[in-house]
Amino acid sequence: MSPDSGIQYQNLSAQAVQPQQHTQGGRSFRPVMDFELGTKRARCVARIIRAGKVEGTGFLLAGNWLMTNNHVLPDAGSAGDPQTTAQFNYQLNEAGDFPDPAQFHLDPAAGFHTSPFKDGEDWTVVRLRANSKGDANSQFGFVPLGEVEAGKDDAVHIIQHPEGAPKVFSSGRVTHAQAGPNRVAYDVETLGGSSGAPVFNSGWRVVALHHAELGRDPVTGERKQLNQGIHIGAVVAGLKAAGVWPLADSRQTRRRLAHDSGPMSPASEWYVTREVDAQVLDYFRNDGISAALRGGTQMGKTSLALRTCDALRMDGWLVVKLDVRDDFSEADFATGHAFLTRLAQKIVEDLKTPDRALAAFQAERSGSAFRDFINRLRKDLPGRQLLLLLDHVDILAASPACSVAVSGLRSCHNDQSGLGRDGWVRFLLLHTITPRQVGRDGSIFKVAEPIAISDFSVPELEKLVARHDLGSVDIVRLHQILGGHPFLSRKTLNAMAEGALSFDDLVKGNNRCRKLFRNHLENLAKAFDSKLADTFRNLLEGKTLKSMGEFERLLALGVVNDTAWKLAEVRCELYRTLLPDYLP
């Protein structure tokens, strides 16, 4: 697809990326994550087309609302015209091509509000209809809005479609924070077609809605090449007056993107990559080693495992994912053969292979039966490696089936006929408590190399904060309170982004904070008996745990750090402060 505008895209691109050097005191340095955040913001910017002509730029908000200028979309009639569309992804890609854009029709019947160009604030918001691939938010995310102020000399960026050209950005500085009633002036370059574009500050928060050319210094009247936008605070005030603030569906939209419980989708933009991610993949891709992920409850083991499976599937691997807790019945743990039979059935079901390998396994009860089953399966699936993901192997380790079942797993993994470390099958085991069945080299079930996964570090938590657009937050203090606990971190940041909790609420542990975590703490406390509650309180007083059993019970609940049991500590300040109130 080629641009339909006569504008010289190359010139625009070169102009947009001219470096601006301000080196006093190192003030030009910005975190690399700013690039990631800017790219996310750019995905939400679209050009608005009416009757085949590009009228301006707009950007996507929560709840599938599109924001632009009133002079771009002045009324519901123009917005609802079948020839009016918002076109996303009209931009040059890395290969120098123009991918097919995504088109959305507007739906003013579902929502339309505006403030006039004259004697108003020149804004419009209108709902977008879903296209064949779904709603706009699920495909492109959204730009969060807040009452963010712009200061004189602040760096600003405008992502836009000048004269309808493919998407570009240009940068400059605020020249006048008050260029008139609810107006901000800046020296950022724009053209016709840029109207309705978002004006971002250096942290990629919206500070203004681009409005028009100014042409003069608003104070001296001197002719200057300046542009102006509407203070975003004035726009938010208008949305409140119209009864659509906070934007409808914003909470549901955010939860689709950043749910605070359960494993993260492998493709989620909210997933925070840790060093251990690369280590696990490297084990399978380069070292031919099976791996066992150990970590406390709600530490991200399953999310990491799902991303590993997804990456290996993209490499051409066969992947079978099984949860020992959910996919096996009590009868399956009665004997080792019963467990391995159910495991073989699940493998055949997932891979949709002929059942002759399974039939042979069920007819054979020798110690090498499972290894022979894997050998037959390999012949049915030539040229593909197999990854078996087994979650909650702690349950298997504590069952009567363990000895024989582990022997069967080990027999096929260590077999020297091409199924071992340089061969066909690999295991990815997930566990909280280290099983007793450990090899001299520390391997779990003498099959998988142990890898410990820990809570978010301060830099990793900082990445998550940046993705929630919370502005200035004391990251170190946040980490002290939450301990880098992935579930608590996501739940807290979601609530802060939605306005349900402030950082001050969290620090004080006040009623708003207690309300947010009440269900989590009540459910956690249900697993404590009086003896374990006393053990936890002793730990709070600085006393050492008396046994490995106490440590393993607390670790399974996710309330202590995964360290040597004599060095165990409560996992985070929030648990130290609030959990005792719920214990028996």
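See the structure above.
In this report, we go over the structure that sits alongside the text.

## Section: the overall build of the protein
- What the protein contains, in helices and strands, is 21 helices and 18 strands.
- Of all 584 residues assigned to the protein, the portion counted as buried reaches 53%.
- Within the protein, contacts between residues at least 6 apart in sequence are counted, and of these 67% link residues at least 24 apart.

## Considerations on unusual backbone geometry
- In the Ramachandran plot, A51 falls in the positive-phi region, its phi being about 50 degrees despite a non-glycine side chain.
- Mapping A51 onto the fold places it in the loop between β1 (45–50) and β2 (53–61).

## Section: the layout of surface pockets
- Volume-wise, the second largest pocket comes out at about 770 Å³.
- Surrounding the second largest pocket, 30 residues form its lining, T297, Q298, K301, T302 and H392 being those nearest its centre.
- Considering only residue class, the lining of the second largest pocket consists of 12 nonpolar, 10 polar and 8 charged.

## Description of the sheet that holds strand β7 (residues 123–127)
- Reading across from one edge, β5-β4-β1-β2-β3-β7-β6 is the order of the 7 strands in this open sheet, with antiparallel pairing throughout. Edge strands, defined here as strands with exactly one partner in the open sheet, are β5 (102–105) and β6 (112–115). Looking at each pair of strands side by side, their axes are set apart by 30 degrees on average, direction ignored.
- Here β1 runs beside β2; their pairing, made up of 6 bridges, is antiparallel. Within β2, the position partnered with R50 by the bridge is K53.
- Sitting on the sheet, helix α5 (residues 232–241) is in contact with β3 (65–68) and β7, with an inclination near 55 degrees to β7.

## Concerning helix α19 (residues 530–540)
- Every buried residue belonging to α19 is among L532, A533, T535, F536 and L539, and all of these are buried. Down the axis, α19 shows its buried residues gathered within 155 degrees of arc, on one side only. Of the residues in α19, the exposed ones pointing more than 90 degrees away from the buried face are S530 and K531.
- Tucked inside the fold, the buried residues of α19 contact α20 (548–557) and α21 (573–578).
- A positive phi of about 90 degrees marks G542, the residue just after α19.

## A look at the nonpolar core
- If you look at the biggest cluster of nonpolar residues, it comprises 43 residues, and the most contacted ones within it are L506, F528, L554, V559, L574 and Y575.
- Elements with a contribution of two residues or more to this core: α14 (458–467), α15 (475–482), α16 (486–497), α18 (511–525), α19, α20 and α21.
- Discounting chain neighbours no more than four positions away, the residues touching V559 are L524, F528, F536, L554, E569, V570, R571, Y575 and L579.

## Examining helix α11 (residues 369–380)
- For α11, with 12 residues, the first-to-last C-alpha span of 17 Å sits near the 16 Å given by 1.5 Å per residue.
- Along α11, the positions that sit buried rather than exposed are A369, F370, D372, F373, I374, N375 and L377.

## Some details on the packing of aromatic side chains
- Following the criterion strictly, the structure yields 10 aromatic pairs and no others.
- Ring plane angle 90 degrees and centroid distance 5.6 Å describe the contact between F88 and F104, whose orientation is recorded as edge-to-face. Within this pair, whereas F88 is found in strand β4 (residues 85–88), its partner F104 is found in strand β5, the two being separated by 16 residues in sequence. By the burial criterion, F88 is buried, and F104 matches it.
- When the centroid spacing of 5.3 Å and the interplanar angle of 55 degrees are considered together, the rings of F200 and W204 count as tilted.
- With relative accessibility at 11%, the residue W204 sits in the buried group.
- Three or more aromatic residues link up through ring pairs in this structure, and these residues are F88, F104 and F140.
- Of note, R47 hangs over the ring of Y90, and the distance from its end group to the ring centre comes to 3.8 Å.

## Some thoughts on the sheet that holds strand β13 (residues 227–231)
- The sheet built from 6 strands closes into a barrel, its strands ordered β8-β9-β10-β13-β12-β11 with antiparallel pairing. Neighbour to neighbour, the strand axes of the sheet diverge by 45 degrees on average, direction disregarded.
- The sheet contact formed by strand β9 (residues 168–176) and strand β10 (residues 183–186) spans 2 bridges and is antiparallel. When the sheet's bridge partners are listed, V174 is paired in β10 with Y186.
- Across the sheet, α5 touches β12 (206–213) and β13, and the angle it forms with β13 is around 40 degrees.

## Details of the packing of helix α9 (residues 336–351) against α11
- Packing of α9 against α11 brings their axes to within 11 Å, and their N-to-C directions diverge by 10 degrees. The angle between the axes of α9 and α11 places the two elements in the roughly parallel class. Residues L340, L343, A344, I347, V348 and L351 of α9 lie in contact with α11, whose contacting residues are F370, F373 and L377.
- Residues belonging to the contact of α9 with α11 are distributed by class as follows: 9 nonpolar, no polar and no charged.

## Quick look at the pairing of β13
- Most of β13 sits inside the fold, with 5 of its 5 residues counted as buried.
- In the sheet, β10 pairs with β13 via 4 bridges, with the strands oriented antiparallel. Within β13, the residue paired with R183 across the bridge is I230.
- Pairing geometry for β12 and β13, over 5 bridges, is antiparallel. Bridge pairing in β13 places A208 opposite H231.

Each value, and the rule that gives it
Each residue is numbered by its place in its chain's sequence as written, counting from 1. At least 70 in pLDDT is required for a residue's local features to be given in this predicted model, at least 80 for side-chain atom pairs to be given and counted, and no such filter applies to totals for whole chains, interfaces and linings, which use all residues. To obtain the side-chain values, all non-hydrogen atoms of the structure were included, while hydrogens and water were left out. Helix numbers and strand numbers start at the N terminus; a helix is a DSSP run of H or I with at least 4 residues, a strand a run of E with at least 2. Partly exposed residues are those whose accessible area sits between 20% and 50% of the maximum for their type, while under 20% is buried and over 50% is exposed, using a 1.4 Å probe and protein chains only. Should any heavy atoms of two residues lie within 4.5 Å, those residues are considered in contact. Whether a set of points on the 1 Å grid over the protein atoms alone is a cavity depends on a 1.4 Å probe fitting there but being unable to get out, while an open set qualifies as a pocket with protein on both sides within 12 Å along at least five of seven lines; lining residues are those with an atom within 4 Å of a point. Grid points are joined across faces, edges and corners, and a volume is the space filled by probe spheres set on the points. Polar here means any residue other than Ala, Val, Leu, Ile, Met, Phe, Trp, Tyr, Cys and Pro, which are nonpolar, and Asp, Glu, Lys and Arg, which are charged; Gly is therefore polar. Here, any two strands with at least 2 DSSP bridges between them count as paired. Working convention: axes come from line fits to C-alpha atoms, limited for helices to the stretch in contact. Angles between N-to-C directions cover 0 to 180 degrees. Directions are taken from the helix axis to each C-beta atom, and the arc is the one they span. What makes a nonpolar core is a set of buried Ala, Val, Leu, Ile, Met, Phe, Trp, Tyr and Cys residues whose side-chain atoms join them at distances within 4.5 Å. How far a helix is expected to stretch is found by multiplying one less than its residue total by 1.5 Å. Centres within 6.5 Å make a pair out of two Phe, Tyr or Trp rings, where for Trp the six-membered ring is used; the pair is then stacked when the planes are under 30 degrees apart, edge-to-face when over 60, and tilted otherwise. Criterion for a charge above a ring: Arg CZ or Lys NZ at most 6 Å from the ring centre, at most 35 degrees from the ring normal. For classification, angles of less than 35 degrees are called roughly parallel, those exceeding 145 degrees roughly antiparallel, those between 65 and 115 degrees roughly perpendicular, and all remaining angles oblique.

Keep in mind these values describe shape, not function.
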